[in-house]
Amino acid sequence: MTTTHTNTANTAVPRTLWRVLALCTAALLAAACAHRPAPSSAMPFDQAVTQAVDDLMVQTQKLPAFLAKVESTLTQRRIVIDPLLEGASGQQTEVTRVAEQRIVQRMQAQFKQFTVTPFNANEIGNAQYVLNGTLVRDKDASGAPYRLNLAMTEIKSGMVIAQSVARISDASLDTRPTAFFRDSPVNGKDRGVEGYIRTAETPAGQAADALYLERLPTATVLQEATAAYEAGRMSEALSRYEAASKRADGQQLRIYSGLYLTQSQLGRTADAERTFGTLARLGLESNNLSVKFLFKPGSTDFLADPKISAAYPMWLRQIARQAAQIESCVVVTGHTSRTGSEAVNERLSLQRATSVKARLVGEAPPLSKKLREAGMGFRENIVGTGADDASDALDRRVEFKVATCEA
């Protein structure tokens, strides 16, 4: 009995210290950040990344010496970097990948009191901090087309201990989505991704998004799977996506997009169709089904390239089956990129929605009473560049939103 009591008491001391540290750190950082100056003027990309990292690290070093000393006895100051995202779409892009590389290089060169470890399942359990960030197209900022947000969160307490912002003057950055996000059939920006983005913009001294932190262990498995997919190691990618899907929080759009892509690449056609059916169901259940149907310019016909559109009949079949199984009605909404006049795009987006609706009814005739069509033109662009290539494919999406059926 004495031994058990002693072990419990010893365990309680570090936990108490952690709680005290978290509360003190939050109060001190909140006070300090209230007097932080606004982000400086816009600067070139590399310089902006350097400033954002330096600002973030300086904030962590402004804690009182006694707190830093106590903390050093409890942690090894290990940081994992959750891959940066483009803020509007929730995708990883070529430029967010470069930014992440620059962050690692700067931290390893200048801030050796921190150990930067890979964002994987083995390291997440040993890390004390997670760093995440977003690159945002800052349309209203004169001379600063982009803004970089970085946040450092203490995993145990769930508090953001440092947050920095840098404005980027470069107008042309490579915002093409990386291979996984380019190939994904649906937009995977769900509640967890939104929590990631929210955390990157959370001021120091405030709590990070709870769902984002809760999903971190699964996010590492997902990232390992995605890395394997983008490296062409499809069997490994499939195994890791399957492992992620079996976790308690594995019912995520990005995970099932990965399953679908790898099954398709490995020629497992029947499995891929079942997985897309699950994707459609998850999207409808969360009212967040946004599918990347791509059309010929100015037309309601799908692109003729079989590498792009060969799977569309199957997608429509599964969406129709899932929509037929729910009691609610579904609004089919077409979107277009910012090429051409507003009036033309309003009309075209509605025509495309009407065309998709007709195809769905062809798959499941009872849907004729449950589907409605709408056109948004380019009013709800996510990327907004009008490039009409892979970088703004999300702007030409078709969305399926659950709605109450009108009497």
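Below you will find a few notes about this structure.

Calculation notes
Think of each chain on its own: its residues are numbered from 1, step by step along the sequence as written. For this predicted model, a pLDDT threshold of at least 70 governs which residues receive local features, and a threshold of 80 or more governs which side-chain atom pairs are given and counted, while totals over whole chains, interfaces and linings are taken from all residues. Heavy atoms from the whole structure form the basis of all side-chain values; hydrogens and water molecules are not counted. Elements are defined by DSSP. Helices are runs of H or I of four residues or more, strands are runs of E of two residues or more, and each kind is numbered from the N terminus. Think of it in three bands: residues with accessible area under 20% of the maximum for their type are buried, residues over 50% are exposed, and the middle band is partly exposed, with areas taken using a 1.4 Å probe on protein chains only. Contacts between residues were defined by any pair of non-hydrogen atoms, one from each residue, lying within 4.5 Å. Computed by Shrake-Rupley with a 1.4 Å probe, the accessible areas treat only the displayed protein chains as cover when residues are assessed. A fitted line through C-alpha atoms serves as each axis, taken over the contacting stretch for helices, and the angle formed by two N-to-C directions is quoted from 0 to 180°. Angles are sorted into four bins: roughly parallel if under 35 degrees, roughly antiparallel if over 145, roughly perpendicular if 65 to 115, and oblique for all others. Handedness of a helix crossing follows the sense of rotation of the near helix relative to the far helix, less than a right angle counterclockwise being left-handed and clockwise being right-handed. Polar here means any residue other than Ala, Val, Leu, Ile, Met, Phe, Trp, Tyr, Cys and Pro, which are nonpolar, and Asp, Glu, Lys and Arg, which are charged; Gly is therefore polar. Definitions used throughout: a 1 Å grid over protein atoms alone; a cavity as a set of points that fits a 1.4 Å probe which cannot get out; a pocket as an open set with protein on both sides within 12 Å along at least five of seven lines; a lining residue as one with an atom within 4 Å of a point. Grid points are joined across faces, edges and corners, and a volume is the space filled by probe spheres set on the points. In this analysis, strands are considered paired if DSSP registers two or more bridges between them. A carboxyl oxygen of Asp or Glu within 4 Å of a side-chain nitrogen of Lys or Arg is what we treat as a salt bridge.

**Some details on the overall build of the protein**
- Across its full length, the protein holds 15 helices and 10 strands.
- Expressed as a percentage of the 407 residues in the protein, the buried residues total 53%.
- Contacts spanning at least 24 positions in sequence make up 73% of the contacts within the protein whose residues lie at least 6 apart.
- Split by element, the accessible area of the protein, about 18,500 Å² in all, is 52% carbon and sulfur.

**Details of the packing of helix H14 (residues 312–324) against helix H15 (residues 342–363)**
- Where H14 contacts H15, the axes come no closer than 9 Å and their chain directions differ by 70 degrees. If you check the angle between H14 and H15, you find them roughly perpendicular. Considering only the axes of H14 and H15, their crossing is right-handed. In this structure, H14 uses Pro313, Leu316, Arg317, Ile319 and Ala320 to contact H15, whose residues at the interface are Val356, Arg359, Leu360 and Glu363.
- Broken down by class, the residue content of the contact of H14 with H15 amounts to 6 nonpolar, no polar and 3 charged.

**Topic: empty space enclosed by the protein**
- On inspection of all chains with the given rule, the structure shows 4 cavities of 30 Å³ or more.
- Its volume calculated, the largest cavity comes out at about 230 Å³.
- Elements supplying a minimum of two residues to the lining of the largest cavity: helix H6 (179–183), helix H7 (191–200) and helix H9 (216–230).
- The element best represented in the lining of the largest cavity is H9, accounting for 4 residues.

**Side note on the sheet that holds strand S8 (residues 329–334)**
- If you trace the 4 strands from one edge of the open sheet to the other, you get S7-S10-S8-S9, paired in mixed fashion. For this open sheet the edge positions go to strand S7 (289–291) and strand S9 (371–375), each flanked by a neighbour on one side alone. Within this sheet the neighbouring strands show an average axis-to-axis angle of 25 degrees, counted without direction.
- With 5 bridges joining them, S8 and S9 adopt parallel strand pairing. Bridge pairing links Gly334 to Gly375 in S9.

**Examining the pattern of salt bridges**
- For the coordinates displayed, the defined rule picks out 21 salt bridges.
- A salt bridge links Arg198 to Asp209, with the nearest nitrogen and oxygen atoms 3.3 Å apart. Separated by 11 residues along the polypeptide, Arg198 in helix H7 and Asp209 in the loop between H7 and helix H8 (210–214) bring together distant segments of the chain.
- A salt bridge links Glu273 to Arg317; the shortest N-O distance between them is 2.9 Å. One end of the pair, Glu273, is in helix H12 (residues 269–285); the other, Arg317, is in helix H14, with 44 residues separating them in the sequence.
- Judged by relative accessible area, Arg317 falls into the partly exposed class, the value being 24%.
- Several salt bridges share partner residues, and in doing so they unite Glu224, Arg233, Glu236 and Arg240 into one network.

**Overview of the environment of Leu135**
- For Leu135, the location among the structural elements is in strand S4 (residues 129–137).
- C-alpha separation for the pair Leu135 and Ile197, spaced 62 residues apart in sequence, amounts to 9.7 Å.
- Other than its neighbours up to four places away in sequence, Leu135 contacts Leu85, Glu86, Gly87, Val95, Thr96, Tyr146, Arg147, Leu148, Ile168 and Leu173.

**Thoughts on the packing of helix H11 (residues 253–265) against H12**
- Running from amino to carboxyl end, H11 crosses H12 at an angle of 160 degrees, the nearest separation of the two axes being 8 Å. Here H11 lies roughly antiparallel to H12, going by the angle between them. By crossing handedness, the relation of H11 to H12 is classed as left-handed. When H11 is examined against H12, the residues Leu253, Tyr256, Ser257, Leu259, Tyr260, Gln263 and Ser264 are found in contact with a partner set consisting of Asp271, Ala272, Thr275, Phe276, Thr278, Leu279, Leu282 and Gly283.
- Taken together, the residues of the contact of H11 with H12 sort by class into 8 nonpolar, 6 polar and 1 charged.

In short, geometric facts, not functional conclusions.
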